[in-house]
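# Residue-level structural notes
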Amino acid sequence: MSEPAAAMSAVNSQLSEISPAHAQYLNMLKRKKITVRATQFIILFLCVALWEILARAAIIDPFITSQPSRIIRTIGVLYNEGALFQHIGVTCLETIIGFLLGTVSGVLCAIALWWSKFLSEVSEPYLVVLNSLPKIALGPVFIVWIGAGPVAIIVMTLAISLIVTILEVLNGFMGVDQQKIKLVHSFGGTKYQVLTKVLLPASFPSIINALKVNVGLSWVGVIVGEFLVSRAGLGYLIVYGGQVFRLDLVMTSVVILGIAAMVMYQGVVWFESFVLRKNGHAQREEKDW
Amino acid sequence: MKPVVEVRGVAMTYQSPNGEIQALDNIDFAVSEGEFVSIVGPSGCGKSTLLSIISGLLSPTSGEVLLYGERNAGSSKKTGYMLQKDHLFEWRTILQNVLLGVEIQKALNPETKEKAINYLKTYGLYEFRNKYPEQLSGGMRQRAALIRTLVPNPQILLLDEAFSALDYQTRLAVSEDIYDIIRKEKKTAILVTHDISEAISMSDRIVVLSHRPGRLKRIHNIKLSCTSRTPINCREAPEFRYYFQEIWRELDIHV
């Protein structure tokens, strides 16, 4: 059998010594990457520096715009008061709970809708309406029903992320090749086995996609919720700072929020590559580069 | 000899909002142990439907299918189904892929695993057991798909245009390969194809179906005088052209 042997040697040649041209190519890629990173950093640095200089030179009013050094000072003050991590903690906890609840219940609902064609046909108009409804409009309803507190905030988050998750995951399920499902049936597989052996693994990319969208939506839900009800958290600090005209506090909270959201998004990306690597998809990504 | 597969008066009618579509009408034939039978017919004549009925994935509107003399209800462990494409799961390694069938049938144990590994060794895929499907060539993937079908030990193989997704050269090589495996494992096989040459070169008998609704038009016993009975060699046999002309006329294709 010459065919496998040929393929084997192809695999081996990938592993062995790299040619000078290939080394040069890799070097070029690396240099390109460094240039991008450096430019990104320089832009950030220039913006912050410009902001600081303009504020110091009194060209812009730091009372309105705040300024980097004051943001750092505000962080210091919050830290000394012991309030910094309390606020960050409250918001992050609410977001993570809302995010996990939204994702898990969204996937479960999508499974239920796939399982029962009747259920999915019945619920279709409701999903359409709920999907287009601005969920923020429901905020006051949640507060009246549940009371002003973290639970109302989490419900708000759930309301924003749930429908999107259901639709995204269901879409992934529908996109699975029918022949793969037929294959499972041909071995005498049950509907449950179709779900676990084909549907869930095959629609992993859409589930991850839903997760990525959900990270952003969860932050929206939590901050909106905090605007409406809370006594603590970054959203609360933003509203409070705005009301008492302490823009330093507002800007500080926004900066912290940005960092926290980025960390959480990176968490999802890390989870994705972890699962993909475990299932051998890493090779494909490498090929794409 | 008792036939392995008996198709008795099978008819199939699909219901749709726009009316009924009669796909198959009164199909009768039998396949005996170790035989290789092809089903050919014009497109849309219901040949894939017939295969699904034999496998038990579909129930006929009337008539019945007997496997080893028993009425077939539901997907049977006696049959193994091969689809047009390999449909290896890209998130599973080759070994995990070929174990899919026994895993689904809850028969995954050291014995069946050993068997799968032996198949991989015999058919040159053992080195690739921990690779993922995308790292294999089309021919190797098709071979892995066949092993996946063989591991649960079906006696009857149902090949649903199993080579048509491959390019022509690979297709010739793969059909040679798979024909060889099927003979070596002494399986009974039913191949659905629209490729007349493929059918003649591989089969002991060919069932020709008519336009929709598919009816049995004729059954050919293929007797080719070739030195070694491999699909490629058989294409050189003098009778090959005769069968080709005959079947081509019977298919009655107008475009």
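Residues numbered from 1 in each chain as written. Chains lettered and ligands numbered in written order. Predicted model: local features only at pLDDT ≥ 70, side-chain atom pairs only at ≥ 80, totals over all residues.

## Points about the overall build of chain B
Threshold: Helix and strand labels come from DSSP, where a helix needs a run of H or I of at least four residues and a strand needs a run of E of at least two; each type is numbered from the N terminus. Atoms counted for the radius of gyration: C-alpha only. Globule rule: 2.2 Å times residue count to the power 0.38. Each residue is classed by its C-beta neighbour count within 10 Å, where at least 20 other C-beta atoms makes it buried, 12 or fewer makes it exposed, and intermediate counts make it partly exposed; the C-beta atoms are placed from backbone geometry. Two residues qualify as a contact pair if the distance between their C-beta atoms, derived from the backbone, is within 7 Å.
When you go through chain B residue by residue, the secondary structure sums to nine helices and ten strands. Taken against the 2.2 N^0.38 rule, which gives 18 Å for 255 residues, the C-alpha radius of gyration of chain B at 18 Å falls within 12% of a compact globule. Across its three principal axes, chain B shows a C-alpha extent of roughly 45 × 45 × 40 Å. In chain B, buried positions account for 44% of the 255 residues. The contacts in chain B between residues at least 6 apart in sequence include a share of 71% that link residues at least 24 apart.

## Overview of the overall build of chain A
Counting secondary structure elements, chain A contains 14 helices and zero strands. The N-to-C order of helical and strand elements in chain A reads α-α-α-α-α-α-α-α-α-α-α-α-α-α. In terms of C-alpha radius of gyration, chain A reaches 25 Å, well past the compact-globule figure of 19 Å for 289 residues. Dimensions of chain A along its principal axes, counting C-alpha atoms only, are 80 × 60 × 30 Å. Across the 289 residues in chain A, those meeting the buried criterion constitute 30%.

## Quick notes on the domain arrangement of chain A
Note the cut-off: Marked domain ranges trace back to an automatic or database domain assignment.
Split by domain assignment, chain A resolves into domain 1 (18-60) and domain 2 (68-288). On a C-alpha basis, the centres of domain 1 of chain A and domain 2 of chain A stand 31 Å from each other.

## Some remarks on helix α4 (residues 68-81) of chain A
Residues and elements named next belong to chain A. Rule in force here: Given a helix with a known number of residues, its expected span is that number minus one, times 1.5 Å. Arc definition: it is the arc formed by the directions from the helix axis to the C-beta atoms.
Its 14 residues give α4 an end-to-end C-alpha distance of 20 Å, which sits within 8% of 20 Å, the value for a rise of 1.5 Å per residue. Buried within α4 we find I71, T74 and L78. The buried residues of α4 occupy an angular sector of 60 degrees when the element is viewed end-on, so they sit on one face. The exposed residues of α4 that point more than 90 degrees off its buried face are G76, Y79 and N80. On its buried side, α4 packs onto α5 (84-115) and α13 (247-278). Phi turns positive, to about 80 degrees, at G82, one or two residues after α4.

## Here we look at the sheet that holds strand β8 (residues 188-192) of chain B
Residue and element names in this part refer to chain B. Defined as follows: One bridge is not enough; two strands pair if DSSP finds at least two bridges between them. Lines fitted to the C-alpha atoms define the axes, with helices restricted to the stretch that makes contact. Angles between their N-to-C directions range from 0 to 180 degrees.
The six strands are arranged β6-β7-β8-β3-β9-β10 in an open sheet whose pairing can be described as mixed. Either end of the sheet is taken by a strand with one partner, and the two such strands are β6 (79-82) and β10 (216-221). For this sheet, the mean inter-axis angle between neighbouring strands, taken without regard to orientation, is 15 degrees. Here four bridges tie strand β3 (residues 36-40) to β8, and the two strands are oriented parallel to one another.

## As for the pairing of strand β2 (residues 19-32) of chain B
As judged from the ten bridges shared by strand β1 (residues 3-16) of chain B and β2(B), these two strands associate in the antiparallel manner. Within β2(B), the position partnered with B:Q15 by the bridge is B:E20.

## Section: the nonpolar core
Put simply, the test is: Residues of type Ala, Val, Leu, Ile, Met, Phe, Trp, Tyr and Cys that are buried and joined through C-beta atoms within 7 Å form what is called a nonpolar core.
Of all hydrophobic cores here, the largest spans 107 residues; its most connected members are B:I147 and B:I190. When residues of this core are assigned to their parent elements, the largest contribution, 14 residues, is made by helix α8 (residues 150-174) of chain A. Those residues in contact with B:I147 that sit more than four places away from it in its chain are B:V98, B:A116, B:Y119, B:L120 and B:Y123.

## A short note on the environment of B:S59
Structurally, the position occupied by B:S59 is in the loop between α1 (47-55) and β4 (62-67). Sequence-wise, B:S59 and B:M12 are 47 residues apart; in three dimensions their C-alpha atoms are separated by 8.3 Å.

## Here we look at the confidence of the model for chain A
What counts here: Along the chain, pLDDT gives the predictor's confidence residue by residue, from 0 to 100.
Per-residue confidence for chain A gives a mean pLDDT of 86; residues scoring 70 or more make up 91%. In the model, residues 1-13 of chain A has pLDDT below 50 throughout and makes twelve contacts with residues more than four positions away in sequence or in other chains.

## Observations concerning the sheet that holds strand β5 (residues 70-71) of chain B
Residues and elements named next belong to chain B. Reading across from one edge, β2-β1-β4-β5 is the order of the four strands in this open sheet, with antiparallel pairing throughout. In the strand order of this sheet, the two ends are held by β2 and β5, each with one partner. Here α1 sits on the sheet in contact with β1, β2 and β4, set at roughly 120 degrees to β1.

## Some words on the environment of B:N118
Residue and element names in this part refer to chain B. Its place among the elements puts N118 in helix α4 (residues 110-122). Take N118: there are 13 C-beta atoms within 10 Å of it, and that puts it in the partly exposed class. Residues N118 and E246, spaced 128 residues apart in sequence, show a C-alpha to C-alpha distance of 42 Å.

## Here's the deal with the packing of helix α11 (residues 204-229) of chain A against α13(A)
Residues and elements named next belong to chain A. Worth spelling out the cut-off: If an angle is under 35 degrees, it is roughly parallel; if it is over 145, roughly antiparallel; if it lies from 65 to 115, roughly perpendicular; otherwise it is oblique. The sense of a crossing depends on the near helix, which, turned anticlockwise from the far helix by less than a right angle, makes the crossing left-handed and, turned clockwise, makes it right-handed. Residue polarity is assigned by list, with Asp, Glu, Lys and Arg as charged and Ala, Val, Leu, Ile, Met, Phe, Trp, Tyr, Cys and Pro as nonpolar; anything else, Gly included, falls into the polar class.
In contact at an axis separation of 10 Å, α11 and α13 are set at 165 degrees when each is read in the N-to-C sense. Here α13 runs roughly antiparallel to α11, going by the angle between their axes. In terms of crossing hand, the pair formed by α11 and α13 is right-handed. On α13, the residues touching I208, L211, K212, V215 and W219 of α11 are A261, M264, Y265, V268 and E272. Of the residues contributing to the contact of α11 with α13, the split by class is eight nonpolar, no polar and two charged.

## Things to note about the packing of helix α7 (residues 139-146) of chain A against α8(A)
Residues and elements named next belong to chain A. Remark: α7 packs on α8, axes separated minimally by 9 Å, with the N-to-C direction vectors making an angle of 140 degrees. For the element pair α7 / α8, the angle class is oblique. Note that α7 runs across α8; the crossing there is right-handed. Together, G139, F142, I143 and I146 of α7 and V151, A152, V155 and M156 of α8 make up the contact between the two elements. Residues of the contact of α7 with α8, tallied by class, amount to seven nonpolar, one polar and no charged.

## Examining unusual backbone geometry
With an omega dihedral of -5 degrees, the bond running from B:R212 to B:P213 counts as a cis peptide bond. Mapped onto the fold, B:P213 is located in the loop between β9 (205-209) and β10. Of note in this structure, A:F245 is not a glycine but carries a positive phi near 60 degrees. Here A:F245 shows up in the loop between α12 (234-243) and α13. Looking at A:F245, the number of C-beta atoms within 10 Å reads 10, which means it is exposed. Phi angles above zero are rare outside glycine, and B:N153 is one such case at about 65 degrees. Within the secondary structure, B:N153 is located in the loop between α5 (138-150) and β7 (156-160). Taking the C-beta count within 10 Å as the criterion, B:N153 has 16 such neighbours and is therefore assigned partly exposed.

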